[in-house]
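Listed below are the residues making up each chain.
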Amino acid sequence: MSRPEADEDAKRIDRWWIQNRSAARNLFVEELADALALLGIVAGVGVRYMHRAIPGLRRYLLRSTRYHLYFVYNDELVVIVGIWGATRRTTPRFAKRAPSMKIALATPESSTTVPDKVTRG
């Protein structure tokens, strides 16, 4: 499951990838789909990422595209918080996303699914 903000991150990154990486236009969405499938099987992958507003936050590196997938999970659900460039020299600002993420973990039906492919329009 992902929050709408994470869906927007994925769409923005996919648009950039299509415009700037013509030799591998689908690499980002393919790598993202593989990571989401893995999280569906083994939610505890990746490493803990300390964030005071989002306890239990983890990140998983999409190696080929160099993006971090940030997520939290419980026994029933994985919630994607956001996607952030691993090579950026800044850290993600997810504090504004914390309230909606907490609601998603508490009420799984409020989450949206991440599509296998990012909708391209």
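Report on the accompanying structure. (Residues numbered from 1 in each chain as written. Predicted model: local features only at pLDDT ≥ 70, side-chain atom pairs only at ≥ 80, totals over all residues. Heavy atoms only, no water.)

## Brief notes about the sheet that holds strand β2 (residues 58-62)
Whenever strands of a sheet pair, they do so through backbone hydrogen bonds, lying parallel or antiparallel. With respect to topology, four strands assemble into an open sheet ordered β1-β2-β3-β4, the strand pairing being antiparallel. Every other strand in the sheet has two partners, leaving β1 (47-48) and β4 (78-85) as the edge strands with one partner each. Examined bridge by bridge, β2 and strand β3 (residues 67-73) share five bridges and lie antiparallel to one another. Counterpart to L62 in the pairing with β3 is Y67. Contacts from helix α1 (residues 4-20) reach β3 and β4, with the element oriented near 35° to β4. (Pairing = 2+ DSSP bridges. Helix = DSSP H or I, 4+ residues; strand = E, 2+ residues; numbered from the N terminus. Contact = heavy atoms within 4.5 Å. Axes fitted to C-alpha atoms, helices over the stretch in contact; angles between N-to-C directions.)

## Details of the pairing of β4
The buried count for β4 comes to eight of eight residues, which makes it a mostly enclosed element. Sheet analysis places β3 next to β4, joined by seven bridges and oriented antiparallel. Pairing of V72 across the sheet is with V79, part of β4. Adjacent in sequence and paired antiparallel, β3 and β4 are bridged by four residues. (Buried < 20%, exposed > 50% of the residue type's maximum accessible area, 1.4 Å probe, protein only.)

## Here we look at the environment of W84
Along the chain, W84 falls in strand β4. In this structure W84 comes out as buried when scored by relative accessible area, which is 17%. Spatially, the C-alpha atoms of W84 and A10 are 9.4 Å apart, while their sequence positions differ by 74 residues. With residues near it in sequence (within four places) discarded, W84 still touches Y67, H68, Y70, T90, T91 and P92.

## Topic: the packing of aromatic side chains
Counting across every chain of the model gives five aromatic pairs. On the numbers, 6.4 Å between centres and 65° between planes, the contact of W17 with Y67 is edge-to-face. Of this pair, W17 sits in helix α1 while Y67 sits in strand β3, and the two are 50 residues apart along the sequence. Each member of the pair, W17 as well as Y67, is classed as buried. Their ring planes at 70° and their centres at 5.6 Å tell us that F28 and Y67 sit as a pair that is edge-to-face. Of this pair, F28 sits in helix α2 (residues 27-41) while Y67 sits in strand β3, and the two are 39 residues apart along the sequence. Grouping residues by exposure puts F28 and Y67 together as buried. Each member of the aromatic cluster is reached from another via a ring pair, and the members are W16, W17, F28 and Y67. One residue, R21, lies across the ring of W17, its end atom 5.5 Å from the ring centre. (Phe/Tyr/Trp six-rings, centres within 6.5 Å; stacked < 30°, edge-to-face > 60°. Lys NZ or Arg CZ within 6 Å of the ring centre and 35° of its normal.)

## Here's the deal with the pattern of salt bridges
Inspection of every chain in the model, using the stated rule, returns two salt bridges. In this structure, E8 engages K11 in a salt bridge whose closest nitrogen and oxygen atoms are separated by 4.0 Å. With E8 and K11 both in helix α1 and three residues apart, the pair spans about one turn of that helix. Exposure remark for E8: the relative accessible area of 45% places this residue in the partly exposed category. Between R12 and D9 there is a salt bridge; the shortest N-O distance is 3.3 Å. Linking R12 with D9, this pair stays in helix α1, spanning three residues, or about one helical turn. (Salt bridge = Lys/Arg side-chain N within 4 Å of Asp/Glu carboxyl O.)

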